[in-house]
Amino acid sequence: MIAELKNVSKVYKTGDQTITALQPTNVKINEGELVLIIGPSGSGKTTLLSLIGCVIYPSKGDLYVDGNHVNEMSEKNLAKLRRENIGFVFQNFNLLAPLNSFENVAMPLQLLGIENSEVKIRATNALKMVDMWDRAKSLPKQLSGGQQQRVAIARALVSNPKIILCDEPTASLDKSSLDVVMNELRTLAHSGKAVAVVTHDPRLKKFADRILEVENGFVKDIKNENFNE
Ligand SMILES: Nc1ncnc2c1ncn2[C@@H]1O[C@H](COP(=O)(O)OP(=O)(O)OP(=O)(O)O)[C@@H](O)[C@H]1O
Ligand SMILES: [Mg+2]
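In this text, all values refer to a predicted model and were calculated from it rather than measured experimentally.

(A) Summary view of the site of ligand 1. As a matter of local geometry, ligand 1 sits amid 14 residues, with Ser41, Gly42, Lys45, Thr46 and Thr47 nearest to it. One of the side-chain nitrogen or oxygen atoms of Ser41 is found 2.6 Å away from an oxygen atom of ligand 1. Computed on the free molecule, ligand 1 has an accessible area of 640 Å², of which 66% lies beneath the protein chains in the complex. Where the shell around ligand 1 is concerned, the elements lending two or more residues are strand 1 (3-14), strand 2 (17-29) and helix 1 (45-52). Among the elements that make up the shell around ligand 1, the one with the highest residue count is helix 1 (three residues). Residue classes in the shell around ligand 1 are distributed as four nonpolar, nine polar and one charged.

Written out as structure tokens, the structure is:
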């Protein structure tokens, strides 16, 4: 098991309003597994993914990621854990506007201090994997939504992280791009990575080993009956 939530909850306070985004939750994320996180808008899916991805701290409960007790870690060490172990595809892609596709994908490797010749090989391979090598020099604003999404996926995979977290990675993808991306994520999971994908898209169910259903901050863990259908 690579990540574990033990009675983890998340409460947001804005002004005088308190929102419980995640009720106390017990969930394990395992290597070798593709987990789908589904549920209505505002139910807590991104919150759950952000906790697993060490982007936010729990309000209560204990969170463990790759053997670390996240509650007790400094922001600096948390950032290091993210850089080295976690690939994140954000809901809004988060590509850096002044950088082209290649530079966006190369960025995580440069942050890890990897040598330039190696960066070039790995960023090239990652862009080829999502079929975006021919647009390596394009800026995000010159790309369609689906193309930006594919670059964001290449960027999440390029550093070979143990945990790959995707927030709606297929929302702007057509059927053939979706199959390419989901088959690649499934291959990565079955080669020993932990992969979690947030989605509204029922087409993704057949790729999942396990499904976490989130509703109103409550998480239900179900084994996927449609697996390999
Ligand atoms: N930074 C924040 N500050 C205050 N409230 C927040 C914050 N982030 C999320 N929330 C609230 O927490 C609840 C869960 O949000 P979350 O983003 O996890 O939902 P979601 O399931 O990902 O929704 P969607 O499918 O629309 O992306 C929502 O009510 C949301 O408004
Ligand atoms: Mg969300």
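(B) Representation of the coordination of the magnesium ion (ligand 2) within the structure. The magnesium ion (ligand 2) binds to the protein through Thr46 (OG1) and Gln91 (OE1), with metal-donor distances spanning 2.0 to 2.6 Å. Of the two residues, Thr46 is situated in helix 1 and Gln91 in the loop between strand 6 (86-89) and helix 3 (101-111); the sequence distance between them amounts to 45 residues. Note on Thr46: relative accessible area 32%, which makes it partly exposed.

(C) Representation of the side chain of Gln147 within the structure. The residue Gln147 is located in helix 5 (residues 145-157) in this model. Beyond its immediate stretch of four places on either side in the chain, Gln147 contacts Met132 and Arg135.

What counts, and where the lines are drawn
Residues numbered from 1 in each chain as written. Chains lettered and ligands numbered in written order. Predicted model: local features only at pLDDT ≥ 70, side-chain atom pairs only at ≥ 80, totals over all residues. Heavy atoms only, no water. Near = heavy atom within 4 Å. Polar contact = N/O pair within 3.5 Å; in protein donor to acceptor, adjacent residues only side chain to side chain. Areas by Shrake-Rupley, 256 points an atom, 1.4 Å probe, with all protein chains shown as cover. Helix = DSSP H or I, 4+ residues; strand = E, 2+ residues; numbered from the N terminus. Nonpolar A, V, L, I, M, F, W, Y, C, P; charged D, E, K, R; others polar. Donors = N, O, S within 2.8 Å, 3.2 Å for Na, K, Ca; no water. Buried < 20%, exposed > 50% of the residue type's maximum accessible area, 1.4 Å probe, protein only. Contact = heavy atoms within 4.5 Å.

That's the geometry; what it means functionally is another story.
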